[in-house]
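Next come the chains, spelled out residue by residue.
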Amino acid sequence: METILHPSEVRLNGSSKKKRQLFRNPVLQESFDHDGYVVIDFLNPDEVDALTEAYNNLQGDLGTPAFASTVMSYDAEYRLKVSAIIENNFARAINETLQDARFFWGNFNIKYPRNNIGAVPLHQDHSFLDERLFQTLGFWVPLVNTTPENGALQVIPGSHTLLKQLRCGGRPFPYATYQQTLLEQFGKQLLMKAGQAYIGSPALFHASPPNVSAQPRIVAAGLAGPSESSLIYCHYHEVNNTGMAEIFEVDHSYYVTAPLFSKPDIGKYILSEIIRVDKSLTDIESIIEALNDFSITK
């Protein structure tokens, strides 16, 4: 596989480049770097109401699964409208929270009520930016208070530093069979107020339980990064039993109109790099040891 250096420093054109501060508050930046996420007050009540109204009024083809996201819709016009509304309502808070950053797109995530099969298992999100060069900020903003009953987010602090290679869309999480052990030993459930924001690294291990309450759990989510960064999509395939990641340069349109985890159109998007993906895994004992060390030194 291609060597991925420490998250705070990479080699670029033969020289070192440190990832710069994105949060205006250096304490938030330090906490994000260390834990892999922060939770802050973010939207005001009017912005929460505006997004709730938009969710209720916009019509899309989400169906009725236990968990749904507007990025799963095949209606590109609907996805574009959702993204624009979320970007507009996030704009004030983004500007107050981040410096020299850009917001890429937004989507709604929904857990329908009284459904005990809607758990989102422990996972990492795929790599939206080239994480060898840029920090990526994933936003998760509930429009209702989150509780243990309605699907509050669960995270494993510090886990964003454990696996170094870029993550391809749709690839299975390598430690799925150890979910219960990892969450019981290291998981933290985030009980958030409506309008607060979880801002996390897509590399952080995270999950959420089903919504067994009487009301839907609606979240406005999105992605941001440095103003100088651009989106990528990593498409996985195998050649002679060797895992390969094709890294495409993509844009906003790809993420809000193309089918989820679909290979970008080679006629429209540039294939910038192909790297080997190391299919050997760090053993679970080493993962647990590293998380134990993180817990001790925190």
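Report on the accompanying structure. (Residues numbered from 1 in each chain as written. Predicted model: local features only at pLDDT ≥ 70, side-chain atom pairs only at ≥ 80, totals over all residues. Heavy atoms only, no water.)

1. Quick look at the packing of helix H4 (residues 179–186) against helix H6 (residues 284–297)
Helix-helix packing is described using two parameters, namely the angle between the two axes and the distance between the axes.
Logical step 1: Two elements in contact, H4 and H6, have axes separated by 11 Å at closest approach and are oriented at 10 degrees. Relative to H6, the element H4 is oriented roughly parallel. Between H4 and H6, the residues in contact are Thr 181, Leu 182, Gln 185 and Phe 186 and Ile 284, Ile 287, Ile 288, Leu 291, Asn 292 and Ser 295, respectively.
Logical step 2: Residue composition of the contact of H4 with H6, by class: six nonpolar, four polar and no charged. (Axes fitted to C-alpha atoms, helices over the stretch in contact; angles between N-to-C directions. Helix = DSSP H or I, 4+ residues; strand = E, 2+ residues; numbered from the N terminus. Parallel < 35°, antiparallel > 145°, perpendicular 65-115°, else oblique. Contact = heavy atoms within 4.5 Å. Nonpolar A, V, L, I, M, F, W, Y, C, P; charged D, E, K, R; others polar.)

2. Re the environment of Lys 111
Logical step 1: Summarising the element assignment, Lys 111 is placed in strand S5 (residues 101–111).
Logical step 2: In this structure, Lys 111 is in contact with Ala 66, Phe 67, Gly 118, Ala 119, Val 120, Gly 151, Ser 208, Pro 209, Pro 210, Asn 211, Pro 216 and Arg 217, ignoring residues within four places of it in sequence.
Logical step 3: At a separation of 2.7 Å, a polar atom in the side chain of Lys 111 contacts the side chain of Ser 208.
Logical step 4: Within the local environment of Lys 111, its side chain forms a polar contact with the backbone oxygen of Pro 209, the two atoms lying 2.3 Å apart. (Polar contact = N/O pair within 3.5 Å; in protein donor to acceptor, adjacent residues only side chain to side chain.)

3. What to know about the pattern of salt bridges
Logical step 1: Enumeration over the complete set of coordinates arrives at eight salt bridges.
Logical step 2: For Glu 47, the salt bridge is made with Arg 92, and the minimal N-O distance between the two is 2.8 Å. One end of the pair, Glu 47, is in helix H2 (residues 45–57); the other, Arg 92, is in helix H3 (residues 76–97), and 45 residues separate them in sequence.
Logical step 3: Given the relative accessible area of 31%, Arg 92 is considered partly exposed.
Logical step 4: With a closest N to O distance of 2.7 Å, Glu 131 and Arg 167 form a salt bridge. Linking Glu 131 in the loop between strand S6 (120–123) and strand S7 (137–142) with Arg 167 in the loop between strand S8 (153–155) and H4, this pair joins segments that are 36 residues apart in sequence.
Logical step 5: For Glu 131, a relative accessible area of 17% translates into the label buried. (Salt bridge = Lys/Arg side-chain N within 4 Å of Asp/Glu carboxyl O. Buried < 20%, exposed > 50% of the residue type's maximum accessible area, 1.4 Å probe, protein only.)

4. Topic: a nonpolar patch on the surface
Logical step 1: The grouping of Met 72, Leu 260 and Phe 261 at the surface amounts to a nonpolar patch, some 270 Å² of accessible area in total.
Logical step 2: With respect to the helices and strands, Leu 260 occurs in the loop between helix H5 (252–257) and strand S15 (270–276). (Patch = residues over 30% accessible without salt bridge, like charges linked within 9 Å, V, L, I, M, F, W, Y side chains within 5 Å. Areas by Shrake-Rupley, 256 points an atom, 1.4 Å probe, with all protein chains shown as cover.)

5. A few points about the sheet that holds strand S14 (residues 242–249)
Either a parallel or an antiparallel arrangement is found when strands of a sheet pair, and the pairing is made through backbone hydrogen bonds.
Logical step 1: Pairing in this open sheet of three strands is antiparallel, and the strands run S13-S14-S15 from one edge to the other. The open sheet terminates on both sides in strands that have one partner only, identified here as strand S13 (232–239) and S15. On average, adjacent strands in this sheet sit at an angle of 25 degrees to one another, irrespective of strand direction.
Logical step 2: In this sheet, S15 lies alongside S14 in antiparallel orientation, the contact comprising six bridges. Bridge assignment links Ile 247 to a residue of S15, and that residue is Glu 273. (Pairing = 2+ DSSP bridges.)

6. A closer look at the packing of aromatic side chains
Logical step 1: Scanning all chains against the criterion turns up 16 aromatic pairs.
Logical step 2: For the ring pair Trp 105 and Phe 128, a centre distance of 5.2 Å and an interplane angle of 65 degrees mean the geometry is edge-to-face. Here Trp 105, found in strand S5, pairs with Phe 128, found in the loop between S6 and S7; they are 23 residues apart in sequence, far enough to count as distant. Considered together, Trp 105 and Phe 128 belong to a single accessibility category, that of buried residues.
Logical step 3: For the pair Trp 105 and Tyr 255, a centre-to-centre distance of 4.6 Å together with 10 degrees between the ring planes defines the contact as stacked. (Phe/Tyr/Trp six-rings, centres within 6.5 Å; stacked < 30°, edge-to-face > 60°.)

7. Concerning the packing of H2 against H3
Logical step 1: As a packed pair, H2 and H3 sit with axes 10 Å apart at the nearest point and diverge in direction by 175 degrees. Judged on the interaxial angle alone, H3 and H2 are roughly antiparallel. Residues Glu 47, Ala 50, Leu 51 and Ala 54 of H2 pack against Ile 85, Ile 86, Asn 89, Phe 90 and Arg 92 of H3.
Logical step 2: Along the lines of polarity and charge, the residues of the contact of H2 with H3 split into six nonpolar, one polar and two charged.

8. Brief notes about the state of the cysteines
Logical step 1: Tallied over the full model, the rule gives zero disulfides.
Logical step 2: Residue Cys 168 stays outside any disulfide, its sulfur separated by 5.0 Å from that of Cys 234, the closest cysteine. (Disulfide = S-S within 2.5 Å.)

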